[in-house]
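In case you want the letters, here they are:
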Amino acid sequence: MAFNGTWKVHRSENYDKFMEKMGINLMKRKLAAHDNLKLTITQEGNKFTVKESSTFRNIDVVFELGVTFNYNLADGTELSGTWSLEGNKLIGKFKRTDNGNELNTVREIIGDELVQTYVYKGVEAKRIFKKD
């Protein structure tokens with residue numbers, strides 16, 4: 001339940017390099033760097049609802065721990081995978097549907113921040129959120 005609440009992106013680390021590795025073009029990367037992403041997370045048992053609102057889109061992502069689901073990134077990249085809870089970390093293991101490459105994500109609360117770490121083809125990036 002520690003994830004519950006509204007989180008606004010505060011800063012990013014190595015996000016441009018990560019997006020470049022994902023194959024996202026320069027213009028979209030520049031826009032994404034200023035997306036003002038806000039996540040509203042609600043957990044009910046094993047079910048999570050994540051409302052994503054940004055400059056580009058507003059969507060609700062609903063998933064159950066351990067159950068495979070499909071998800072589209074803001075640039076249209078399609079993923080399939082699962083989230084699991086390991087200790088105090090949400091672990092996302094996804095594969096791109098276009099090329100089968102893995103995209104792994106970890107969400108964890110560190111102090112008063114939600115830290116989301118992404119790893120794709122050896123490139124790691126972080127987006128750090130503060131409670132809104």
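Please refer to the structure placed before this passage.
Residues numbered from 1 in each chain as written. Predicted model: local features only at pLDDT ≥ 70, side-chain atom pairs only at ≥ 80, totals over all residues. Heavy atoms only, no water.

J.: Before we move on, could you go through the overall build of the chain and cite the residues and values that matter?
T.: For the chain, the count of helices and strands is two helices and ten strands. Ordered by position from N to C terminus, the α and β elements of the chain give β-α-α-β-β-β-β-β-β-β-β-β. What you see for the chain is a C-alpha radius of gyration of 14 Å, in line with the 14 Å of a compact globule of 132 residues. Based on the C-alpha atoms only, the size of the chain along its principal axes is roughly 40 × 30 × 25 Å. Considering the chain as a whole, with its 132 residues, one finds that 39% of them fall into the buried category. (Helix = DSSP H or I, 4+ residues; strand = E, 2+ residues; numbered from the N terminus. Rg over C-alpha atoms; globule rule 2.2 N^0.38 Å. Buried < 20%, exposed > 50% of the residue type's maximum accessible area, 1.4 Å probe, protein only.)

J.: Describe in detail the side chain of R29, supporting the description with residues and values.
T.: With respect to the helices, strands and loops of the structure, R29 is situated in helix α2 (residues 26-32). Overall, R29 belongs to the buried group, its relative accessible area being 9%. Residue contacts for R29: discarding those within four places in its chain leaves D16, M19, E20 and I24. (Contact = heavy atoms within 4.5 Å.)

J.: Which residues make up the sheet that holds strand β4 (residues 58-64), and what values go with them?
T.: Read from one edge to the other, the open sheet built from ten strands follows the order β4-β3-β2-β1-β10-β9-β8-β7-β6-β5, with strand pairing classed as antiparallel. What marks the edges here is a single partner per strand, and that holds for β4 and β5 (69-72). For this sheet, the mean inter-axis angle between neighbouring strands, taken without regard to orientation, is 30°. In this structure, strand β9 (residues 113-120) lies alongside strand β10 (residues 123-131), joined through eight bridges in antiparallel fashion. If you follow Y118 over to β10, its bridge partner there is A125. (Pairing = 2+ DSSP bridges. Axes fitted to C-alpha atoms, helices over the stretch in contact; angles between N-to-C directions.)

J.: How would you sum up the pairing of β9? Please name residues and give values.
T.: Sheet faces and side chains relate simply in a regular strand, where the side chains alternate between the two faces. β9 sits mainly inside the fold: seven of its eight residues count as buried. Two elements, strand β8 (residues 102-110) and β9, share eight bridges in a ladder whose sense is antiparallel. Note that in β9 the partner of I110 across the bridge is E113. Here β8 hands over to β9 after two residues, with G111 in that stretch at a positive phi of 65°. The loop that links β9 with its antiparallel partner β10 comprises two residues; one of these, K121, has a positive phi angle of about 50°.

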